[in-house]
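# Notes for the structure review
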Amino acid sequence: IPHLVRLLFSAVTGHPEQLVRVIAPEVGGAFGSKLYLYAEEIIAATRAIAPGFGGVNLEDISGPKCFEIEERLDNELPIPVFHDDQHGTAIVVLGGLMNALKVVKKKLSQVKIVISGAGAAGIAIARLLQAAGAREFLLTDRTGILAEGREGMNPEKIKIAKLTNPSGQRGSLAEALKNADVFIG
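Here the structure is a predicted model, which means the values were calculated and not measured. (Residues numbered from 1 in each chain as written. Predicted model: local features only at pLDDT ≥ 70, side-chain atom pairs only at ≥ 80, totals over all residues. Heavy atoms only, no water.)

## With respect to unusual backbone geometry
As a reminder, the rule being used: The secondary structure listing takes helices from DSSP runs of H or I that are at least 4 residues long and strands from runs of E that are at least 2 residues long, numbered from the N terminus.
Positive phi outside glycine occurs at K105, with the angle close to 55°. For N179, which is not glycine, the phi torsion reads 65° and is therefore positive. Relative to the helices and strands, N179 is located in the loop between helix 7 (173-176) and strand 6 (182-184).

What follows is the structure in structure tokens.
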């Protein structure tokens with residue numbers, strides 16, 4: 001199967017078959033920075049092979065491009081699209097946090113959460129926590145707290161800052177951690 005996928009990828013995109021690694025991790029490795037150059041080809045190749053599969057697992061695609069690829073494929077394909085760097089990590093974090101909160105007899109809606117890291121995993125964790133009932137949390141990256149209007153943020157960070165930091169709090173990770181109940185990093 002990996003050989004067939006590589007050939008199909010090459011035929012659809014006209015690019016070397018090694019690029020299929022981004023969508024068929026069993027071939028090995030990922031391409032990180034080349035993803036910006038080949039996002040359309042990844043989407044086209046995935047669309048082309050999707051009818052033969054029951055789901056798509058995107059592997060090792062970094063943010064912010066992973067969000068666009070996953071969202072477009074999810075909207076265009078009749079099968080589930082799963083990006084393990086986002087969804088797998090978020091599910092594990094939510095499960096662990098729910099169990100930890102049971103131990104301390106607190107509810108997700110009652111705790112202040114700080115997430116260090118606003119890449120694919122951190123943003124997906126924030127989205128899932130919010131969907132599960134979290135109300136107060138901040139995300140930070142190497143520059144500090146994500147806040148609407150802060151310079152140097154990509155579109156995904158801007159979107160999540162509006163959801164997680166409506167008051168526009170600014171500062172460092174240390175400042176975000178003041179009075180926090182939960183730290184995810």
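From this point, the discussion proceeds with the structure in view.
## Observations concerning the pairing of strand 4 (residues 136-141)
For the record, the criterion: Classification of residues uses two cut-offs on accessible area relative to the type maximum, computed with a 1.4 Å probe and protein chains only: under 20% is buried, over 50% is exposed, and between them is partly exposed. Clockwise travel from the first strand over the helix to the second, with the strands pointing away from the viewer, marks a crossover as right-handed. Pairs of strands are assigned from DSSP output, requiring at least two bridges between the strands.
In terms of burial, strand 4 is a largely internal element, five of the six residues being buried. For the crossover that starts at strand 3 (residues 112-116), traverses helix 5 (residues 120-132) and ends in the parallel strand 4, the hand is right-handed. Bridge analysis of strand 4 against strand 5 (residues 144-145) gives two bridges, and the strand direction is antiparallel. Residue pairing in the sheet places T140 in a bridge with I145 of strand 5. Where strand 4 folds back onto strand 5 in an antiparallel hairpin, the turn is made up of two residues.

## Overview of helix 3 (residues 65-76)
Here is the rule: How far a helix is expected to stretch is found by multiplying one less than its residue total by 1.5 Å.
If you check helix 3, its first and last C-alpha atoms are 17 Å apart, about what twelve residues at 1.5 Å a residue would give, namely 16 Å. Three or more residues of helix 3 are buried, namely K65, C66, F67, I69, E70 and L73.

## Examining the packing of helix 5 against helix 6 (residues 155-164)
Our working rule: Structural elements are reduced to axes, namely lines fitted to C-alpha atoms, with helices fitted over the stretch in contact, and the angle between N-to-C directions of any two is expressed from 0 to 180 degrees. Working definition: roughly parallel below 35 degrees, roughly antiparallel above 145 degrees, roughly perpendicular at 65 to 115 degrees, and oblique for all remaining angles. For a crossing to be left-handed, the near helix must be turned anticlockwise from the far one by less than a right angle; the clockwise case is right-handed. Whether two residues are in contact is decided by their heavy atoms, any of which lying within 4.5 Å being enough. Here the term charged refers only to Asp, Glu, Lys and Arg, the term nonpolar to Ala, Val, Leu, Ile, Met, Phe, Trp, Tyr, Cys and Pro, and the term polar to all other amino acids, Gly among them.
With their axes 11 Å apart at the nearest point, helix 5 and helix 6 run at an angle of 30° to one another. Accordingly, the angle class assigned to the pair helix 5 and helix 6 is roughly parallel. Crossing hand, helix 5 versus helix 6: left-handed. Along the contact surface, helix 5 presents I123, A126, R127 and Q130, while helix 6 presents E156, K157, I160, L163 and T164. Tallied by class, residues from the contact of helix 5 with helix 6 come to four nonpolar, two polar and three charged.

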